[in-house]
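Per-entry structural report
Spelled out, the chains give:
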Amino acid sequence: MKKFNLKVAAILLSGTILFSSCVGSFSLFNTYARWQTHMTDNKYVNGIVGIILLPIVGSVTLLADAVVLNTIEFWSGTNPLHAGTKTIKGQDGRLYAVKTMKNGYEIKSPDGEISYFIHDKKNDSWSLKQNGEVREIFRFNEDGTIKARLMSGQTIDVTNDEAGLNQVREAAMGDQLYYAFN
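Reading guide: rules and limits
- Residues numbered from 1 in each chain as written.
- Predicted model: local features only at pLDDT ≥ 70, side-chain atom pairs only at ≥ 80, totals over all residues.
- Heavy atoms only, no water.
- Helix = DSSP H or I, 4+ residues; strand = E, 2+ residues; numbered from the N terminus.
- Buried < 20%, exposed > 50% of the residue type's maximum accessible area, 1.4 Å probe, protein only.
- Contact = heavy atoms within 4.5 Å.
- Pairing = 2+ DSSP bridges.
- Axes fitted to C-alpha atoms, helices over the stretch in contact; angles between N-to-C directions.
- Salt bridge = Lys/Arg side-chain N within 4 Å of Asp/Glu carboxyl O.
- Expected span 1.5 Å × (residues − 1).
- Arc of directions from axis to C-beta.
- Polar contact = N/O pair within 3.5 Å; in protein donor to acceptor, adjacent residues only side chain to side chain.

Before going further, it helps to spend a moment on the overall build of the protein chain. For the protein chain, the helix and strand inventory stands at four helices and eight strands. In sequence order, the secondary structure elements of the protein chain are arranged as α-α-α-β-β-β-β-β-β-β-β-α. Classification of the 182 residues of the protein chain by burial places 28% in the buried group. The long-range fraction of contacts in the protein chain, counting pairs at least 24 apart against all pairs at least 6 apart in sequence, stands at 31%.

Right, let's get into the sheet that holds strand E5 (residues 125-130). What the eight strands build is an open sheet, ordered E1-E2-E3-E4-E5-E6-E7-E8; its pairing is antiparallel. The sheet is open, and its two borders are formed by strand E1 (87-89) and strand E8 (155-158), each paired with just one other strand. Ignoring which end each strand starts from, the neighbouring axes of this sheet average 25 degrees apart. Alignment of E5 against strand E6 (residues 133-140), held across six bridges, turns out to be antiparallel. By the bridge assignment, Lys129 is partnered in E6 with Val134. Seen against the sheet, helix H4 (residues 162-173) touches strand E7 (146-149) and E8 and runs at an angle of roughly 160 degrees to E8.

Attention now goes to the pattern of salt bridges. Under the criterion given, the structure shown has four salt bridges. Between Arg139 and Glu136 there is a salt bridge, with the nearest N and O atoms lying 2.5 Å from each other. Residue classification places Glu136 among the buried positions, given a relative accessible area of 16%. With a shortest N-O distance of 3.2 Å, Asp157 and Lys147 are connected by a salt bridge. Of the two residues, Asp157 is situated in strand E8 and Lys147 in strand E7; the sequence distance between them amounts to ten residues. Judged by relative accessible area, which is 25%, Lys147 ranks as partly exposed. The structure contains a network of salt bridges with shared partners spanning Asp92, Arg94 and Asp111.

On to H4, then. Between its terminal C-alpha atoms H4 stretches 16 Å, which fits the 16 Å expected from twelve residues at 1.5 Å a residue. Among all positions in H4, only Gly164, Leu165 and Val168 are buried. For H4, the arc enclosing every buried residue in end-on projection is 100 degrees, short of the 170-degree limit, so these residues lie on one face. Two to three positions downstream of the cap, the backbone nitrogen of Ala163 sits 3.2 Å from a side-chain oxygen, assigning the N-cap of H4 to Asp161. Positive backbone phi, at 55 degrees, marks Gly174, one or two positions downstream of H4.

Here it is in structure tokens:
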């Protein structure tokens, strides 16, 4: 009988762990994705909002799901979000409490600092309120266009269609936008 190689055994063992299909339900990210894609009846508005919020909200929810919530779901058999627990691990490694409100979301940090994502029906806009300071993220203009505020602080008015979505994508991504070629 041939001698069994330790390296082969280690690779096979790591493969069984890495490819065991125990990835979890990604409930937090899927909830965010459902909200973002169905937030309005207009797919272009939803796309523009998605481009603006994805680097912040999408990455935090995906990381929280992958590292914390899916691990808890795997070992306990229940998802913490379905059990009523609404905590998210931030990029800084701390846990934040997220509460859904009538007009948006309240986010409470471990040290008690509270931030809000607020929808203003009067102005038809979404804003971030932090440390008593309110900063608008985007708004719907009366002429049907959208005024989006980029991470750099710039604002850009775009049409409520695919061309507007592409304008926001190009402005937000800048040099980071790459295309795949065959």
